[in-house]
Each structure stands twice: as structure tokens, then as C-alpha cells.
Amino acid sequence: MIERKELTCIKCPRGCGILVETEQGRIVSISGNQCKNGKEYAKKEATNPTRVLTTTVKVLFGTEKVAAVKSKGEIPKEKLLPAMEQIKEVQVEAPVILGEIILEDLCGTGIPLVAAACVARKRLP
Amino acid sequence: MLQYDLVIIGGGPAGLSAADSAREMGIKSILILERDNKLGGILNQCIHTGFGLHTFKEELTGPEYAARYIDKIQEKEIEYKVSAMVINITRDKQVTVMEKGAGLITIQAKAIILAMGCRERPRGALNIPGYRPAGIYSAGTAQYFVNIEGVMPGKEIVILGSGDIGLIMARRLTLEGADVKCVAEIMPKSGGLRRNIVQCLEDFDIPLKLSHTVTYIHGKERIEGVTLSKVDENLEPVSGTEEFIPCDTLLLSVGLIPENELSKKLGLSMDERTKGPVVTKEMETMLSGVFACGNVVHVHDLADNVSKEAKKAGISAARYILEEKI
Ligand SMILES: Cc1cc2nc3c(=O)[nH]c(=O)nc-3n(C[C@H](O)[C@H](O)[C@H](O)COP(=O)(O)OP(=O)(O)OC[C@H]3O[C@@H](n4cnc5c(N)ncnc54)[C@H](O)[C@@H]3O)c2cc1C
Ligand code: SF4
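Cut-offs and rules
Residues numbered from 1 in each chain as written. Chains lettered and ligands numbered in written order. Predicted model: local features only at pLDDT ≥ 70, side-chain atom pairs only at ≥ 80, totals over all residues. Heavy atoms only, no water. Contact = heavy atoms within 4.5 Å. Buried area = accessible area lost by both parts, 1.4 Å probe. Salt bridge = Lys/Arg side-chain N within 4 Å of Asp/Glu carboxyl O. Polar contact = N/O pair within 3.5 Å; in protein donor to acceptor, adjacent residues only side chain to side chain. Helix = DSSP H or I, 4+ residues; strand = E, 2+ residues; numbered from the N terminus. Nonpolar A, V, L, I, M, F, W, Y, C, P; charged D, E, K, R; others polar. Core = buried A, V, L, I, M, F, W, Y, C linked by side-chain atoms within 4.5 Å. Buried < 20%, exposed > 50% of the residue type's maximum accessible area, 1.4 Å probe, protein only. Domains from an automatic or database assignment. Pairing = 2+ DSSP bridges. Axes fitted to C-alpha atoms, helices over the stretch in contact; angles between N-to-C directions. Near = heavy atom within 4 Å.

Caption draft 1: Here's a closer look at the interface of chain B and chain A. If you look at the interface, chain B gives 27 residues, while chain A gives 26 residues. Of the roughly 2,200 Å² buried at the junction of chain B and chain A (both faces included), carbon and sulfur atoms supply 59%. Put simply, Glu64 of chain B and Lys70 of chain A hold a salt bridge, and the shortest N to O gap is 3.1 Å. Our count for the chain B to chain A interface comes out at eleven residue pairs in polar contact (both at pLDDT 80 or more). Elements with a minimum of two residues in the side of chain B that touches chain A: helix H2 (62–75), helix H3 (139–149), helix H4 (164–175) and helix H5 (194–201) of chain B. Grouping the amino acids of the side of chain B that touches chain A by side-chain chemistry returns eleven nonpolar, seven polar and nine charged.

Okay, structure coming up:
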């Protein structure tokens, strides 16, 4: 039996509708995408949907209270909320440098959490 | 009085990109004025990805996208002041600035670029019956709370309006542990990008209630809930469809308008449709030597387009200054 799944590509703001047909978990056809990236997205979305996680972590002694962070790559969608639980416990000390690794491994995905902004250390008055 | 060839008002992506391109054109004397305590503009609070696909061929977060431009400004040693709010501009290009620690200063410019961005529509524009209890915020204010101040506006949330900021906040608050009850949209179609509906609402099973609006706000001190009603094709609430939804926070995502107090003071001709100043293809306003770019001209969906437009404004302002000299 062929299963049909209608997806919306999120790879760019165009947001193409893509039709994926699978048979016993195997992809038999992908249509509607307007570029290669869309095909890749549909393939993954139909089998193992993944997302980049962006959030903030608390900063100690910084000029800002929090620093923006992101997963350095996509993690499985169902790991988003567990990863947030892990990140909640994290506090970093300023200075924070953009790109610096905050957590080595997000929820066993092997993907690190990195800083997506710089925060300077607060100068003592 | 301080003197600069080019004064740029606003240190968001528009102001930064304009400064960068004016310097590329050979303008040495440039000053960027930013009222916030850092450069980057609204991008500092837009921590989600989706920036820079066109300009850098990468999906960056807002702060990362801003950092690319801030780095250029620092490399090129372009001067800027933060915590410096422009309060007036005269037609002969004198700029009055309130600078933290320095007080009022006046700067004479040869050319000016307006890059003040936009702000959210005031909530007063919305007529919902009920008291005005605590717990009602604009979506952008909530974004500032969570992403800059690190505090949550509430735990049980209803979002009215399905523009991109509302959608992005639905996901953000869910990730932080809040219960987002629904996003209500009065129109039959969402104004947000399709990709945001997928990755911000569908990923987390947050209902999008199209053709629905809030018709009553419950609670006196703090909001206790809202009444949601279906609307007909004339956007009028249909009686009998009311549903009470308990919540401690209501976010309003009702759109943005260009920030044009200064442009109006300057007496620039305004475009009724975009709510920004009328500009030529070269991004010059109807006052010679005053240019504008970014969200101050019209609200852009993509920061990439803002940077591109600002580059044009930077080049035009540079040409204006260079021609003056000859
Ligand atoms: C919530 C939200 C989500 C978005 N998501 C995306 C996205 O996913 N992808 C994307 O590409 N784009 C996105 N955008 C759009 C993009 O961020 C904006 O279009 C862009 O930041 C506009 O740049 P700007 O420089 O014109 O304005 P701003 O970034 O608003 O910068 C204007 C600056 O001017 C300063 N200023 C204003 N008045 C004065 C004054 N009188 N004196 C001194 N300084 C002043 C302000 O403090 C501010 O720093 C989003 C926008 C918002 C609001
Ligand atoms: S298929 Fe290609 S063009 Fe269409 S939304 Fe996806 S990335 Fe964009």
C-alpha cells in the first residue's frame, strides 16, 4: 500500500508543498519541490524529521542576562523538548564568544550546543 | 558642534549595511547613532534561525546575522555611539542627540540616512471589551522579555494574530514550558510564512484558529481568560460560537508600522500605503541629501532585503557627499 504524505518545505520562505509517497517506510516518490534542498528536506521529514533548536542560556557576570544559543546542526524533532530540559540547568560565565561550545552533546544526539551571540563580562564599578 | 559627512540614525541591519557600503565608496567621516545600548537592532531579540539565506547562503540566527555586520563596522573602524537617541533633525541637517552620560549634543551632517526600523502597532488600536488587566503584551514585547531579559510573561498563553512574530513566540514559549492554548486569527488565512506555521505551530500541535477573534477579556487585576468567537465573512463575531479559554497571558501580534516620528518632524512626504517616507529608486527622500532604508521605509519580511536596500542607500548617500565636494 502506498502512503501519501503532504509536507510543507521549511528550507526557505517560498514554502513549497511537497508530496511524498512511501511504501512500507520506503520512499517511492517526491514531487512538488522546486529545488534540491526541498527534496532532501522531504526525504528527512518523511523518515526522521529534524530541526535546529534555538534558545537562550543564563549568563553570570555578563553585560546581558542571557545569551542566545543554538544546536550546531539539526536534532531529531522529538528531542527538542528534552534538550530544553537539559539546557535549563546550564549557566555560563561571561565572556561568551559567538561559536563557543556550551554543551558538548545535546541529549545524546552528538550535536553540540553553541553560543549564537557574544556577551561581554561586566566591568566592576 | 560635531561635524560628520554622513550621519546614520539607527544601528540595525539597515544602518549597519548602509554604513558599510558608504565606507566602501570612500566616505571616511561616518557616525552611526543607536538609542539601544548595543548595535544590531531588532535582530538581537530574534534568536530564531531564518536570516541570511540570500546574503550569506547560510541559515543564521538574528544575533549571528547582526554580528556579521557589526564585525564589518569594527574592522572598518566606522564610528558609532550607542545609548544615543536622536530627538530631532532639522532641514539643514543638524541632528540633536540625547547621549547617555553626555547629555544633549548637536551634530552637523552633510547627508543623513534614516534607518530607525519599525515598531508594533499600539494595542489601543484594538477594541476588545472587558477591563485592561495585567498580562496583555504585544508579541514583540514578550519576545524582548524572554530572549533579552530571560523572564517569561506567563504560563498559559493565548496569542491573537498569526503574523510571524506571534507564530515564533508560540514556539518559543512552548519550548520554555508554557502552555500555548491557541493562536487566533481573525482572517481566514494566516499572514505568517507557511514555514513558520509548520515549524512553530504544527510541530507542537498548537491549534491555529482561523476566522476567530477575542471578543472579551476576563479578569480585573490579572487576565483570567478570554472569550474566543468565530467571525463571519464581514469579520463580525457570530453569536453562539463563544468559547471561554482560561489563560494568564494574552499576546497581541497585530503588525508593525515604520517608526517615523523623526521623518514627520522633518516634514518629509509620507507614503500613505507603506506609512514610510516617499523615496526614489536611489532611496533618497523628498528632501535632498536625506536617505532612508530598511523597515523605516516599509516593513520588510527578510533582513536580507533590508541589507540590500540599505547598501543602495549607502551608495547613494556617498555619491551625494562626493558630488557636493566637487
Ligand atoms: C519578530 C521579528 C521576527 C523576524 N524574523 C525574521 C526572519 O526570520 N528572517 C528574516 O530575514 N527577517 C526577519 N525579520 C525582519 C528583520 O529582522 C527586519 O526586517 C530587520 O531587522 C529590519 O532592520 P532595520 O535596520 O530596518 O530595523 P531595526 O532592526 O528595527 O533597527 C532600527 C534601529 O534603530 C534604532 N532607532 C530607532 N529610533 C532611533 C532614534 N530616534 N535614535 C537612535 N536610534 C534609533 C532602534 O533602536 C533600532 O536598533 C523579523 C522581524 C521581527 C520584528
Ligand atoms: S523546495 Fe526549494 S524552493 Fe521550495 S521551499 Fe523548499 S527550499 Fe524553498
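Caption draft 2: The nonpolar core, seen in detail. Membership of the largest hydrophobic core comes to 59 residues, with the highest contact counts inside it found for Leu6, Ile9, Leu33, Ile89, Val95 and Leu114 of chain B. The leading source of residues in this core is helix H7 (residues 303–325) of chain B, at eight residues. Among residues more than four places away in sequence, those in contact with Leu6 of chain B are Ala22, Ile27, Ser29, Ile30, Leu31, Ala111, Ile112, Ile113, Ala317 and Ile321 of chain B. The next biggest cluster of nonpolar side chains, apart from the first, holds 41 residues, and it includes Val90 of chain A together with Ala139, Ala178 and Val183 of chain B.

Caption draft 3: A look at the domain arrangement of chain B. Residue and element names in this part refer to chain B. Partitioning chain B into domains gives domain 1 (2–119 + 256–325) and domain 2 (122–252). Centre-to-centre, using C-alpha coordinates, domain 1 lies 32 Å away from domain 2. With nine residues of domain 1 at the contact, the number on the domain 2 side is eleven residues. In this assembly, domain 1 packs against domain 2 so that about 840 Å² is buried in total across both faces, 55% of it on carbon and sulfur atoms. Area buried by domain 1 at its contact with domain 2 is led by Gln45, Ile47 and His48, which between them contribute 58% of it. With a closest N to O distance of 3.4 Å, Glu59 and Arg195 form a salt bridge. For the pair domain 1 and domain 2, the interface holds four residue pairs in polar contact (both at pLDDT 80 or more).

Caption draft 4: Region of the structure containing the domain arrangement of chain A. By the assigned domains, chain A splits into domain 1 (2–47) and domain 2 (54–115). Computed from C-alpha atoms alone, the centre-to-centre distance between domain 1 of chain A and domain 2 of chain A is 30 Å.

Caption draft 5: Looking closely at the sheet that holds strand S10 (residues 136–138) of chain B. Residues and elements named next belong to chain B. Spatial strand order, S10-S17-S11-S12-S13: five strands in an open sheet with parallel pairing. Each edge of the open sheet carries a strand with a single partner, namely S10 and strand S13 (208–210). Each strand axis lies, on average, 20 degrees off the axis of its neighbour in the sheet, ignoring direction. Bridge analysis of strand S11 (residues 156–160) against strand S12 (residues 179–185) gives five bridges, and the strand direction is parallel. Counterpart to Leu160 in the pairing with S12 is Ala184. Across the sheet, H3 touches S10 and strand S17 (249–252), and the angle it forms with S10 is around 90 degrees.

Caption draft 6: Up close: the site of ligand 2. The full set of residues close to ligand 2 is Cys9, Lys11, Cys12, Arg14, Gly15, Cys16, Asn33, Gln34, Cys35 and Gly38 of chain A. Looking at side-chain class alone, the shell around ligand 2 contains four nonpolar, four polar and two charged residues.

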